[in-house]
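Topology and contacts: notes
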Amino acid sequence: MDGIQALERNHDSDLSHGGPLPAPSSPRDPCVSIISDRGFERECLATSLRNLIPGALFRGYGNEAAWRADAPGRETDEVLLFSLGSARIDDEEMRSYLLGFIARVAPRRVVVLGEHDDAASLFEAIDCGAASYIPSSVGLEELVAAIRFSCPRSVLVPRKSIMALRHAMVVPGGEDRGLSRFFTDRQLDVARALLQGAANKTIAHELNLCESTVKVHIRNIMRKLKATNRTQAAFRLNQIAEGTFSPDCAQRA
């Protein structure tokens, strides 16, 4: 996969242009590292962001290895802008890499940059531990907000992504038209709760089931949807409810 192969190439582009690295002029303006295999993207982002956050320090790297070689002693409050390039985050290989990358660079915040502005990409990035997902369709203001966002236990969602989420929401009372064709009555109850993002323990309490039984139902639902994780399953349940998911990809109940 091109996106992953690009991450293996070690072509560092230091945007500090050599010499000693100056300290940021304000503690509110963090150090920012841009990790992208596209040199043009790194330079354009750094130039644009310098004008919007003049007190911040920007560095650019072609891949994780180049960043890591320069990382010893680096600030742990650094913000990493990680570009997916043209790769999709729901690609299993890319998702696995991103999940590991975010874990490896913790506690630094990672803002994922991508070309796709669908709700699934946002959910996948957040599910991997990203502080935000910024699609290329939004403006620089959203990216600046994500960089300056300081709450480590929350995520920042661009306004355009909120609209995508709203569009993806199931119309109340209409989900049975699609979902009931594929699931048993009890699976349908669990699927509705899964759509709401409820945890297994919450689903078990609301449906008066054992948590182990809920896990079995979720496993069967994911098998029917051919989904590899809960985020993907919820997204496909939405698609079925809206009539945009091909029934050939799912097994009927």
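Keep in mind that what you see is a predicted model, and the values were worked out from it rather than measured. (Residues numbered from 1 in each chain as written. Predicted model: local features only at pLDDT ≥ 70, side-chain atom pairs only at ≥ 80, totals over all residues. Heavy atoms only, no water.)

**Let's talk about the environment of A71**
- Secondary-structure assignment places A71 in the loop between helix 3 (64–69) and strand 3 (79–83).
- Here A71 falls in the buried class, since its relative accessible area comes to 9%. (Helix = DSSP H or I, 4+ residues; strand = E, 2+ residues; numbered from the N terminus. Buried < 20%, exposed > 50% of the residue type's maximum accessible area, 1.4 Å probe, protein only.)

**Some points on the confidence of the model for the chain**
- For the chain, per-residue confidence averages 79 on the pLDDT scale, and 77% of positions sit at 70 or higher.
- This stretch, residues 1–14, has a pLDDT under 50; its non-local contacts, to residues over four places away or in other chains, come to 37 contacts.
- Across residues 16–27, confidence stays below pLDDT 50; counting only partners more than four residues off in sequence or on other chains, it has eleven contacts. (pLDDT = per-residue confidence, 0-100. Contact = heavy atoms within 4.5 Å.)

**A closer look at unusual backbone geometry**
- The omega torsion across A106 and P107 is 10°, close enough to zero to call that bond cis.
- Looking at the element boundaries, P107 is found in the loop between helix 4 (92–105) and strand 4 (109–114).
- Positive phi outside glycine occurs at N208, with the angle close to 55°.
- By the element assignment, N208 lies in the loop between helix 10 (200–207) and helix 11 (211–225).
- For N208, a relative accessible area of 70% corresponds to the exposed category.
- A positive phi is found at K226, a non-glycine position, where the angle reads about 55°.
- One can find K226 in the loop between helix 11 and helix 12 (230–242).

**Some remarks on the pattern of salt bridges**
- Using the criterion set out here, one finds eight salt bridges in the structure.
- As a salt-bridge pair, R104 and E64 come within 2.9 Å of each other at their nearest N and O atoms. Placement of the pair is R104 in helix 4 and E64 in helix 3, with a sequence separation of 40 residues.
- A salt bridge links R186 to D189, with the shortest nitrogen-to-oxygen separation between them at 3.4 Å. A residue pair is termed a helical-turn pair when its members lie 3 or 4 positions apart in one helix, as R186 and D189 do in helix 9 (residues 185–195) at three residues.
- Given a relative accessible area of 33%, R186 falls into the partly exposed group.
- Residues joined by salt bridges that share partners form a network here, namely E64, R68 and R104. (Salt bridge = Lys/Arg side-chain N within 4 Å of Asp/Glu carboxyl O.)

**Considerations on the nonpolar core**
- In this structure, F82, L98, F101, V110 and V112 are the most contacted members of the largest nonpolar core, which totals 23 residues.
- Where this core is concerned, the elements lending two or more residues are helix 3, strand 3, helix 4, strand 4 and helix 5 (119–127).
- It is helix 4 that contributes the most residues to this core, six residues altogether.
- Ignoring any residue separated from it by four or fewer positions in sequence, one finds V112 in contact with F82, L84, L98, A125, A130, S132, Y133 and I134.
- Of all hydrophobic cores here, the second largest spans 22 residues; its members include I203, V214, I218 and I240. (Core = buried A, V, L, I, M, F, W, Y, C linked by side-chain atoms within 4.5 Å.)

**A few points about the sheet that holds strand 5 (residues 132–135)**
- The strand order across the open sheet formed by five strands is 2-1-3-4-5, and the pairing between neighbours is parallel. A single partner strand is all that each edge strand has here, and the edge strands are strand 2 (57–61) and strand 5. The average angle at which neighbouring strand axes cross in this sheet is 20°, direction not considered.
- Where strand 1 (residues 31–35) meets strand 2, five bridges bridge the pair, whose relative direction is parallel. In the sheet register, S33 faces strand 2, and the bridge partner there is R59.
- Here helix 4 sits on the sheet and contacts strand 1, strand 3 and strand 4; the angle it forms with strand 3, its principal contact strand, is near 165°.
- Each of strand 1, strand 3, strand 4 and strand 5 is contacted by helix 6 (residues 140–148), which is oriented at about 160° to strand 4, the strand it contacts most. (Pairing = 2+ DSSP bridges. Axes fitted to C-alpha atoms, helices over the stretch in contact; angles between N-to-C directions.)

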